[in-house]
Amino acid sequence: MGGKMMHKQLNVSSLVAHAARYHGATEVVSVETDGSTTRTNWAGIDAKARQLASGLDKLGVTDGARLGTLAWNNRRHLEIYFGGAGSGRVTHTINPRLTPEQMTYIINDAADEVLFFDATFTPMVAKLKPHLGSVHHFVLMGPPDAAAAEAIEGLLFYDDLTDGGDPDYVWPEIDETRASGLCYTSGTTGNPKGVEYTHRSTILHTLGANTVDGLALSATDTLLPVVPMFHANAWGVPYAAAAVGARVVLPGPDLSGPHLVKLIDEERVTMSLGVPTIWMMLLDALKETGSKAASMTRTLVGGSALPPSMIPEFRDNFGVDLVHAWGMTETSPLGSLNQLLQKHSDMTEAEKEVIRRGQGRPPWGVELRIVDENGEVLPEDGEAQGELHIRGHWIIDTYYGKGEDALTDDGWFDTGDVASIDADGYLIIRDRSKDIIKSGGEWISTVELENIAIAHPGIANAAAIAAMHEKWAERPVVIAVPVPGQAPSEEELIAFYNEKVAGWQMPDKIIFVDELPVGATGKVQKNKLREAYGDVLMAPAG
Ligand code: ADP
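Chemist: Please provide a residue-by-residue account of the pairing of strand β6 (residues 137-140), values included.
Modeler: Here β6 shows a buried face lined by H137 and V139 and a second buried face lined by F138 and L140. Alignment of strand β5 (residues 114-117) against β6, held across 4 bridges, turns out to be parallel. Bridging from a neighbouring strand, F117 pairs with L140 of β6. Regarding topology, helix α5 (residues 122-128) serves as the crossover connection from β5 to the parallel β6, and that connection is right-handed. Both β6 and strand β7 (residues 156-157) contribute to a ladder of 2 bridges, which runs parallel. By the bridge assignment, V139 is partnered in β7 with L156. Handedness of the crossover is the feature at issue here: the chain leaves β6, passes through helix α6 (residues 146-151), returns alongside β7, and the resulting connection is right-handed.

If you want it as structure tokens, here you go:
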């Protein structure tokens, strides 16, 4: 027999409705594509989202239609998140840094019915349009613009669409197992594949992330999501911020260090999120401007491994706590997040720092395990390394459209990452399985070699790759970017690994370059480096 409590579907629209009702006056600051700043609040976001939903109805956009977005982090994008999903459509965020071919593939694969885009992308959309057969409506995210209307036949304007909509539109109750969002993997290691979130998975992810030992996001925070809204839903924070009524600052297209410093200081940002490359740029900008980022208390770092040397740098110079998290598009994305336990309270800062370097523990709602190549579950002793598996309420089970089951026979998702887990459940990502170096049957973590190189004062950034080797099959080669004006030698850098790793893990060679190739989500493209340098240890042909 069922219990006697109300049953309501878990719907994404409930988040923005709550924010509007109980945090209506809390500001949402938005840097627009033209560089201007606009200020609205949660009541305004909700009203516009309702107008958008109603406008889409008037336009005849079908129930369940995918709404593609090519957009920066700005307030219209936030309204589409809620207005799309809240009215039974699916908000499909597209990464505009992909190649035109990849974007065309993704839009066609998703069969997007509407494509919303920021002015930045007008020329690109004009070029792609003939190849986008499923798209009935192209909508520029802004006020009417004659030049854009000329470039794209039949172009609609977001502000017309919303102004013509009803701000009192009533959010329908939607079956919680229906799709609310769609996001393609960034393709760092293969072809992009669609991951379709449900209303239920999104709400449970929001609740799982919004705990004090999770994001610890609050109505007293001012949140700056630097991670793009097209990168795994900005890690879920558009939803999380609405749920708690945090003040939000959306940074627009300019993610340069100086612009972020300006926003942090002028808007008194308390918390931010982004990939490590962003924080490297921010550190440089803080040093250059002399800003102390005084309002900032913490930053969530994920997407790729956090170089451990950044933790004391931010803590000691700026009082900013770096919280390391791990996740994937397929995991909504939060899989684990690093906070300490009660038993760690008496530790010294140095001891705590050792724990804080890893990727942390799963929040309620997800579970992790590691397995060997035969699928046998490995011990959680901090030593054993294996393929990382995850399962839970907000983890993929089937890729979009393909009917391709993404799970193991016993119902776990294989992440493609190689990891260890310690007795307290703390995760340490050793590598991606495609990147790890297999030297004579032993595994060497590229992440560990990179972290050591980056800790050298003369090195700004580094990537380690597996280079082919006649005797050992693969050996480590480190591609390093020196700090401008410095020229550390290869011998010096190799010697820097002494005592830090076992002799057989030392890099065979260091190659100095001016910059590393970076992909569409700010991650170093090691496949490109392997193509360029994978054979440097082999005898020259002929
Ligand atoms: P892509 O795999 O195309 O880069 P995602 O953005 O979904 O797309 O990236 C997920 C992957 O990013 C993870 O499987 C993992 O390899 C890597 N990753 C994410 N967070 C971390 C982290 N904190 N440390 C190390 N690797 C991470």
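Don't stop here, the text continues.
Chemist: So what's going on with the packing of helix α2 (residues 42-59) against helix α3 (residues 75-86)? Residues and values would help.
Modeler: Axis angle and axis distance: for two packed helices, these are the angle between their axes and the distance between the axes, and together they describe the pair. Contact geometry of α2 with α3 gives a least axis separation of 8 Å together with a crossing angle of 60°. Classed by the angle they form, the pair α2 and α3 counts as oblique. As α2 runs across α3, the sense of the crossing is right-handed. Contacts between α2 and α3 pair W42, I45, K48, A49, L52 and A53 from the former with R75, L78, E79, I80, F82 and G83 from the latter. Classifying every residue of the contact of α2 with α3 gives 8 nonpolar, 1 polar and 3 charged.

Chemist: An account of empty space enclosed by the protein is requested, with residue identities and associated values reported.
Modeler: Regions of empty space are outlined by a rolling probe, equal in size to a water molecule, passed over the atoms. Under the criterion given, the structure shown has 4 cavities of 30 Å³ or more. Of the voids in this model, the largest cavity is the one considered here, and its volume is about 60 Å³. Taken together, S180, G181, Y197, S201, T202, H205, N233, Y239 and S332 make up the lining of the largest cavity. Going through the elements one at a time, β8 (179-184) and α8 (199-209) are the ones with two or more residues in the lining of the largest cavity. Per-element tally for the lining of the largest cavity: the top contributor is α8, with 3 residues. Classifying every residue of the lining of the largest cavity gives 2 nonpolar, 7 polar and no charged. The computed volume of the second largest cavity comes to approximately 50 Å³. The wall of the second largest cavity is formed by W72, N73, R97, P225, V226, P228, F230, P251, G252 and L255.

Chemist: An account of unusual backbone geometry is requested, with residue identities and associated values reported.
Modeler: With an omega of 15°, the peptide bond between S332 and P333 qualifies as cis. Relative to the helices and strands, P333 resides in the loop between β14 (321-327) and β15 (334-337). Located in the positive-phi region is A216, a residue other than glycine, with phi close to 55°. Note that A216 resides in the loop between α8 and β10 (222-225). What makes A216 partly exposed here is its relative accessible area of 27%. Of note in this structure, E499 is not a glycine but carries a positive phi near 70°. Residue position: E499 is located in the loop between α15 (490-496) and β24 (509-512).

Chemist: Run through the domain arrangement of the protein chain, naming residues and quoting values.
Modeler: Under the domain assignment, the protein chain is made up of domain 1 (13-254) and domain 2 (437-533). Inter-centroid distance (C-alpha atoms) of domain 1 to domain 2 is 38 Å. Facing 7 residues of domain 1, the contacting portion of domain 2 comprises 4 residues. Carbon and sulfur atoms make up 57% of the area that domain 1 and domain 2 hide from each other, which totals about 490 Å². For the interface between domain 1 and domain 2, the tally reads 0 salt bridges. Linking domain 1 with domain 2 are 2 residue pairs in polar contact (both at pLDDT 80 or more), by the criterion used here. Looking at side-chain class alone, the side of domain 1 that touches domain 2 contains 2 nonpolar, 4 polar and 1 charged residues.

Criteria and thresholds
- Residues numbered from 1 in each chain as written.
- Predicted model: local features only at pLDDT ≥ 70, side-chain atom pairs only at ≥ 80, totals over all residues.
- Heavy atoms only, no water.
- Buried < 20%, exposed > 50% of the residue type's maximum accessible area, 1.4 Å probe, protein only.
- Helix = DSSP H or I, 4+ residues; strand = E, 2+ residues; numbered from the N terminus.
- Pairing = 2+ DSSP bridges.
- Right-handed = clockwise from strand over helix to strand, strands pointing away.
- Axes fitted to C-alpha atoms, helices over the stretch in contact; angles between N-to-C directions.
- Parallel < 35°, antiparallel > 145°, perpendicular 65-115°, else oblique.
- Left-handed = near helix turned anticlockwise from the far one by under 90°.
- Contact = heavy atoms within 4.5 Å.
- Nonpolar A, V, L, I, M, F, W, Y, C, P; charged D, E, K, R; others polar.
- 1 Å grid on protein atoms, 1.4 Å probe; cavity = no way out; pocket = protein on both sides within 12 Å on 5 of 7 lines; lining within 4 Å.
- Points joined across faces, edges and corners; volume = space filled by probe spheres on them.
- Domains from an automatic or database assignment.
- Buried area = accessible area lost by both parts, 1.4 Å probe.
- Salt bridge = Lys/Arg side-chain N within 4 Å of Asp/Glu carboxyl O.
- Polar contact = N/O pair within 3.5 Å; in protein donor to acceptor, adjacent residues only side chain to side chain.

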